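Listed below are the residues making up each chain.
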Amino acid sequence: MHRRSVEDPEGFWGEIGRELPWIEPFTEVLDWSEAPVAKWFTGGKLNASAICLDQHLALRGEKKAIIWEGEPGDVREFTYRELHAEVGKFAAALKARGLKKGDRVAIYMPMIPELTVAVLACARVGAPHSVIFGGFSAQAIRDRVEDGDCSVVITADGGWRRGKVLPLKQEVDAALEGYEGVHSVVCVRRGENEVAWTEGRDCWYHELMDAVEEPAAPEPMDSEDVLFLLYTSGSTGKPKGIVHTTAGYMAGAYLSTRYVFDLREDDVYWCTADVGWVTGHSYIVYGPLANGATVVMYEGAPTTPHPGRFWELCEKHGVTIFYTAPTAIRTFMRLGDEHIAEHDLSKLRLLGTVGEPINPEAWIWYHKLIGGERCPIVDTWWQTETGGIMISPLPGVQVTKPGSATRPFFGVDAGVVDEQGQPVEDGKGGYLVIKKPWPGMLRGIWGDEERFKETYWSKFPGLYFPGDGAVRDEDGCFWILGRVDDVLNISGHRLSTMEVESALVSHPSVAEAAVVGMPDEVTGEAICAFVTPRKEIEDPDALEKELIIHVANEIGKLARPKEIRFTDALPKTRSGKIMRRLLRDVAKGAEIAGDTTTLEDYTVLAKLRGDEA
Ligand code: 7RM
């Protein structure tokens, strides 16, 4: 199948495309004439919410679509029929508030069923959603709402996280202060916490729902109509609004969920990601629901109220497929094996990981302790930009290797090249590239076509460059080496060094800042910030604490530096560029490797390392 999928991608994807329920069939599988902007399944009309819901009513109406558990332990379940009704109703409610096809909607919510409902309701109306992870700060919300020109925001009063209610509506209020572009803020009641109210703009979800008379039918969308924007970090400047369209994205999410997770009718599938990240889009919402799967969704933190929480949930809900991130696996390794032994994990039959390279030690631990040495592990490599899984074992088909994502998925033609774009020998490191268009590929960066071409298509003309290094071994298995640019990967979440640096520099005591990643046992990478203060600092510890809080306020908690080192100067090239690769070595306490000839002032480096220069 794989050979056919890369030798005859249009034949292959044409067949897969026809498995989706079309309102009007497509006429052409791929139009690559405007490369690198691809068009897939052109001429057809469909609706992503109808793929996820309406098509299942006949055969799976009474099957559970969502089994949700809140952090406090409250459980809610939705059959496909119930979810369909809720989504149709909410779509009608949004239309009644004036939302139209093509308008953008920002979603800033906790992990509650209404988040999935909101996403699918937007798809039903044909209004692209822009989900903003619930851990982001007001400033980050504001940037994304403005960039996407969103006219509606969907949020909740609060959501449970680590035993507390996080006040989400409050962040939205702060984000929208002095901003006129949003006409409606829809608020779901979850936290029962006090909220401020802007009359005319704010409305309760339950009140809107009560007023609906007729559920909304799915809007017929063109294959290439935008389904969603999702912001992700690049190496420079502001976050990029990655654009995904309807048919290609859905075909990719549908097929990859089916094959990579070997989905069967009676599976109970749990992906622990947040819907605020692409993993949640493709593998909590669109992929599993397109396949009619039963999806577990959990609101809270993995270790609240106790370290065995995830395993308790697996046992209680009979989870058979479990998909999580290496950072979570490493956290559980540290918490001790006794929390696992207390729970019956015998229903599990397949495990997955995503977000960053998994170290073989964690892979083996996952295989033994969670998988009872019986469950295959699918280590899935992909990106926000790729829309779905690109490199992964097919369970039961391929021999897995701890630490390798193994082989390209159907339709994916991957390779490893050198600086000149020439293929490197197997076993040698290089740049990972994708050589052919695939249905779920991004269609651009919102509002910035140049940046799209520059970022992904200019390093190697004609090839997609994801920004990762890789090795392919003699068996044709890929080993992903991590980012080759200035992008940090903290617990599987992408942040650019630039974003964190701008946040630091916006503090009045900071003159200059350089941020690098350093290896971290739990989060994979942690942030080490080198900061040049404006004036002599009296209390470095106090300033360090203050800066950490400042970064959390500017971007969100996940961007907090683990370590801040104050320095008089940063190592720079003669042209003034900060040499982050040298700082990386300093941060991990290693010998400075590599070329330092472009360094302007050698004493800076010596001082940073603590040598008496
Ligand atoms: C799905 C997601 C993408 C970046 C990507 C890689 C890294 C993701 C793996 C991985 C090694 C993996 N989207 N990455 N999965 N590295 N093995 N299985 O994570 O846009 O947020 O990040 O994450 O560097 O480019 S993302």
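Residue positions are given per chain, counting from 1 as you read along its sequence in written order. Given that this is a predicted model, residues contribute local features only at a pLDDT of at least 70 and side-chain atom pairs are listed and counted only at 80 or more, while totals for whole chains, interfaces and linings are drawn from all residues. The side-chain values count all of the structure's non-hydrogen atoms but skip hydrogen atoms and water molecules.

Caption draft 1: Just the overall build of the chain, in detail. Regarding its fold elements, the chain presents 20 helices and 30 strands. Atoms considered for the radius of gyration are the C-alpha atoms alone. The globule rule reads 2.2 Å times the number of residues to the power 0.38. A globule of 613 residues ought to have a C-alpha radius of gyration of about 25 Å, and the chain, at 24 Å, matches this closely. Overall size of the chain, expressed as C-alpha extent along the three principal axes, is 75 × 60 × 55 Å. Categorising residues by exposure relies on relative accessible area from a 1.4 Å probe, with only protein chains included: less than 20% of the type maximum marks a residue as buried, more than 50% marks it as exposed, and the intermediate range marks it as partly exposed. For the chain, buried positions account for 60% of its 613 residues. Contacts are assigned to residue pairs that have any heavy atoms within 4.5 Å of one another. Looking at the chain alone, contacts between residues at least 24 apart form 68% of all its contacts between residues at least 6 apart. Helix and strand assignments follow DSSP, with helices taken as H or I runs no shorter than four residues and strands as E runs no shorter than two, numbered in order from the N terminus.

Caption draft 2: Region of interest: the site of the ligand. By convention in this text, a residue qualifies as near a molecule or strand provided that one of its non-hydrogen atoms is within 4 Å of it. Taken together, 17 residues are adjacent to the ligand, and Asp379, Thr380, Thr384, Asp468 and Arg483 come closest. Between a nitrogen atom of the ligand and a main-chain N or O atom of Gly355, the distance comes to 3.1 Å. Two N or O atoms form a polar contact when they lie within 3.5 Å of each other; inside protein one atom must be a possible hydrogen donor and the other a possible acceptor, and for residues adjacent in sequence the pair counts only when both atoms belong to side chains. A distance of 2.7 Å is found between a nitrogen atom of the ligand and a side-chain nitrogen or oxygen belonging to Asp379. In the complex, 97% of the free accessible area of the ligand, which totals 530 Å², lies under the protein chains. Looking at the shell around the ligand, the elements with two or more residues in it are helix H11 (278-290), strand E20 (377-380) and strand E25 (478-483). Gly is put with the polar residues, along with every residue not named as nonpolar or charged; the nonpolar set is Ala, Val, Leu, Ile, Met, Phe, Trp, Tyr, Cys and Pro, and the charged set is Asp, Glu, Lys and Arg. Along the lines of polarity and charge, the residues of the shell around the ligand split into six nonpolar, six polar and five charged. Values of accessible area rely on a 1.4 Å probe in the Shrake-Rupley scheme; residue burial ignores everything except the protein chains shown.

Caption draft 3: Representation of the pattern of salt bridges in the model. For this document, the term salt bridge refers to a Lys or Arg side-chain nitrogen within 4 Å of an Asp or Glu carboxyl oxygen. This model, assessed by the stated rule, comprises 42 salt bridges. Residue Glu312 is joined to Arg309 by a salt bridge in which the shortest nitrogen-to-oxygen separation is 2.7 Å. Within this pair, Glu312 and its partner Arg309 are both found in helix H12 (residues 309-317), separated by three residues, close to a single helical turn. Assessed through its relative accessible area of 27%, Glu312 is described here as partly exposed. A salt bridge links Glu563 to Arg565; the shortest N-O distance between them is 2.8 Å. When its relative accessible area of 23% is taken as the criterion, Arg565 is described as partly exposed. By sharing partners, the salt bridges in this structure join Glu69, Arg309, Glu312 and Lys316 into a single network.

Caption draft 4: Spatial organisation of empty space enclosed by the protein. Space inside and on the surface of the protein is sampled on a 1 Å grid over the protein atoms alone, with a cavity defined as a set of points where a 1.4 Å probe fits but cannot get out and a pocket as an open set with protein on both sides within 12 Å along at least 5 of 7 lines; lining residues have an atom within 4 Å of a point. Grid points are joined across faces, edges and corners, and a volume is the space filled by probe spheres set on the points. All told, the structure shown has four cavities of 30 Å³ or more when counted by the stated rule. As for the largest cavity, its lining consists of 14 residues, of which Gly252, Ile389, Met390, Phe409 and Trp438 are closest to the centre. The residue makeup of the lining of the largest cavity, split by class, is eight nonpolar, six polar and no charged.

Caption draft 5: Structural view of the packing of aromatic side chains. When the centres of two rings from Phe, Tyr and Trp lie within 6.5 Å, Trp using its six-membered ring, the rings pair. Their planes under 30 degrees apart give stacked, over 60 give edge-to-face, and anything left gives tilted. Inspection of every chain in the model, using the stated rule, returns 39 aromatic pairs. Measuring from centroid to centroid gives 6.0 Å for Tyr283 and Tyr323, while their planes differ by 85°, and the two rings are edge-to-face. In this pair, Tyr283 sits in helix H11 while Tyr323 sits in strand E18 (residues 321-324), placing the two residues 40 residues apart along the sequence. By the burial criterion, Tyr283 is buried, and Tyr323 matches it. Lying over the aromatic face of Phe136, Arg144 brings its terminal NZ or CZ to 4.5 Å of the ring centre. Looking at Arg189, its charged tip hangs above the ring of Trp204, at a distance of 5.0 Å from the centre. Two conditions define a charge located above a ring, namely a distance within 6 Å from the ring centre to NZ of Lys or CZ of Arg, and an angle within 35 degrees of the ring normal.

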